[in-house]
Amino acid sequence: MLEVENLSRPGLGPASFRVEAGECVAVRGPSGAGKSLLLRAIADLDPSSGRVMLDGVAREAISGPAWRRRVLYLAAESGWWGETVAEHFQDWAACAGSAERLYLPGDIGGAPVSRLSTGERQRLALLRAVERRPAVLLLDEPTAALDAAARDAVEALVGDLLAAGTAVLWVSHDEAQAARVASRRLVVEAGRVREVEGA
Amino acid sequence: MSGYIHLDYPDLAIAGLLVVANAALSIALQLGLARRIVVAAVRMVVQLSLVGLVLKVLFATVSPLWTGLAAMAMVLFAGQEILARQDRRFLGWWGYGLGTGSMLTAAGLVTVFGLTTQLRPDPWYHPQYAIPLLGMVLGNTMTGISLGLHTLTSGVVEQRAAIEARLALGDPVRAAMLPMVRKALKNAVMPIVNTMGTTGLVALPGMMTGQILGGVDPGEAVRYQILIMFLISGGTAAGAVAAVMGGVRRLTDPRGRLRLDRLGPKRGA
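In this text, all values refer to a predicted model and were calculated from it rather than measured experimentally.

**Let's talk about the interface of chain A and chain B**
- Facing the 23 residues of chain A at the interface are 16 residues of chain B.
- Counting the surface lost from both chain A and chain B, the interface buries some 1,600 Å², and carbon and sulfur atoms represent 51% of this.
- The three residues of chain A that bury the most area against chain B are A:L45, A:R68 and A:W81, which together make up 33% of that side's buried surface.
- Across the contact surface, chain A and chain B share four salt bridges.
- The shortest N-O distance in the salt bridge between B:R255 and A:D44 comes to 2.8 Å.
- For the pair chain A and chain B, the interface holds eleven residue pairs in polar contact (both at pLDDT 80 or more).
- Elements supplying a minimum of two residues to the side of chain A that touches chain B: α2 (64-70), β6 (71-74) and α4 (118-131) of chain A.
- Sorting elements by how many residues they give to the side of chain A that touches chain B places α2(A) first, with five residues.
- Tallied by class, the residues present in the side of chain A that touches chain B amount to ten nonpolar, four polar and nine charged.

**Details of the sheet that holds β6(A)**
Residue and element names in this part refer to chain A.
- Spatial ordering of the open sheet is given by β6-β7-β8-β3-β9-β10, a layout of six strands whose pairing is mixed. The strands lining the two open edges of the sheet, one partner per strand, are β6 and β10 (192-196). Averaged over all pairs of adjacent strands, the angle between strand axes in this sheet comes to 20°, irrespective of strand direction.
- In this sheet, strand β9 (residues 184-189) lies alongside strand β3 (residues 24-28) in parallel orientation, the contact comprising four bridges. Bridge pairing in β9 places R28 opposite V187.
- Docked against the sheet, helix α1 (residues 35-42) engages β3, β6, β7 (136-140), β8 (167-171), β9 and β10, running at close to 155° with respect to β7.

**Concerning the nonpolar core**
- Ranked by internal contacts, the top residues of the largest apolar core, which has 76 residues, are A:L2, A:F17, A:L38, A:I42, A:L138, A:L169 and B:V156.
- The element that contributes the greatest number of residues to this core is helix α5 (residues 127-158) of chain B, accounting for ten residues.
- Leaving out residues up to four positions away in the same chain, A:F17 has contacts with A:L2, A:E3, A:V4, A:L38, A:I42, A:L169, A:L186 and A:V193.
- A:F89, A:L104, A:L127 and A:L161 belong to the second-largest nonpolar core, a separate cluster that totals 39 residues.

**Re the domain arrangement of chain B**
All names here are of chain B.
- With domains assigned, chain B is organised as domain 1 (1-61) and domain 2 (62-262).
- Computed from C-alpha coordinates alone, the two centres of domain 1 and domain 2 are separated by 28 Å.
- With eight residues of domain 1 in contact, the opposing surface of domain 2 contributes 14 residues.
- Taken over both partners, the interface formed by domain 1 and domain 2 buries close to 810 Å², and the fraction arising from carbon and sulfur atoms is 72%.
- There are zero salt bridges connecting domain 1 and domain 2.

**Section: the sheet that holds strand β5 (residues 57-58) of chain A**
All names here are of chain A.
- Reading across from one edge, β2-β1-β4-β5 is the order of the four strands in this open sheet, with antiparallel pairing throughout. Each end of this open sheet is capped by a strand with a single partner; those strands are β2 (12-19) and β5.
- Pairing of strand β1 (residues 2-9) with β2 involves five bridges; the strand directions are antiparallel. From the neighbouring strand, L2 faces β2, where its bridge partner is V19.
- Along the sheet, α1 makes contact with β1, β2 and β4 (49-54), crossing β1 at roughly 120°.

Scoring rules and cut-offs
- Residues numbered from 1 in each chain as written.
- Chains lettered and ligands numbered in written order.
- Predicted model: local features only at pLDDT ≥ 70, side-chain atom pairs only at ≥ 80, totals over all residues.
- Heavy atoms only, no water.
- Contact = heavy atoms within 4.5 Å.
- Buried area = accessible area lost by both parts, 1.4 Å probe.
- Salt bridge = Lys/Arg side-chain N within 4 Å of Asp/Glu carboxyl O.
- Polar contact = N/O pair within 3.5 Å; in protein donor to acceptor, adjacent residues only side chain to side chain.
- Helix = DSSP H or I, 4+ residues; strand = E, 2+ residues; numbered from the N terminus.
- Nonpolar A, V, L, I, M, F, W, Y, C, P; charged D, E, K, R; others polar.
- Pairing = 2+ DSSP bridges.
- Axes fitted to C-alpha atoms, helices over the stretch in contact; angles between N-to-C directions.
- Core = buried A, V, L, I, M, F, W, Y, C linked by side-chain atoms within 4.5 Å.
- Buried < 20%, exposed > 50% of the residue type's maximum accessible area, 1.4 Å probe, protein only.
- Domains from an automatic or database assignment.

See below:
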């Protein structure tokens, strides 16, 4: 599904790997090693060289925004541009059910973003990304600010997306989480990306 | 209304005593401003005297070449001033070129428009009309472009997470940058809009009062002032739109990415 060949950018060596539909690959490595740089380069948020293809189509063949709708990057601390939560969704009413599944209050759609906790923002940013129905989700520590119950709920939600055929790259500092959610793993160290066997 | 009252150097010297009094007050109150007050006052006197000499020569020659060179020098100085007012500058020649180019285009077009269609001096570039008109349009256009670019470049850095969140969701650059563009253009044109709204009530514009002091009929002076205000607001809006849109183009790329690597670091931080 997602093919990455010799992807490089300043601070990140050439990286080559594949992620199939319905597959979750964990991305591990120390802080500052280049994990976020890798995901941002795949999403074409920063200039990079090399080939990135989705279902055989090179990203250069389609516009940047169209690529990012299909290959969606979720930052560890995502930004907010409107006053209330619902303004950030295409159809908040359709997402309210998923919000409750992630232990978010049912009426959070009308809440001002400035009053949200870090954990609430993190779960809402995930829902906002999922709502766009990407083919590939690039998750940058999506449960870093969550308690165990919310973390499990996020993992279950992503599990459903995997079952439906979404490909996922998941940056996690938690070894146990990587083992739970992913079938393969990439390690990023000092900008070098390599695949580790036997996850 | 009749004539105009001639000023001699002793008249100026008497008025200058007020600046001396300011400096003395500063020394007495230990404000530490005396030196700056005196330096600023001396600069003002020297600069204005030089401008007076230059204008005398220009008016005597009525040369398109010298008038054009004087206008170009004004634009280049104003471009430097725009650059100096930016906390974060575009790297490379864009830093100076974007503000100066936008200002040259907007102020130049508006000034030529005013000279050729409303004022119609003979010849149309007569420095007695062209230089003061350009000066007034340029001063305001410069302020508008400075404010617009400053708001844009500092705003995109502050709002980076929000802008990139939208880009990452697949929104086009236009949608992601729209709030920033609105804010930058609003800040750019607000001073001239506010000035238009209060002119005549709170303040009498310098040019109009100058003409009245020079013996011109108030009705005539008011018509001149209205013309100038229209030209200034047109120049400011056009220059700010050109600079802000050019800035957005430079801060993004054809792949719809935010390119903050094209901005320099914050100065004086």
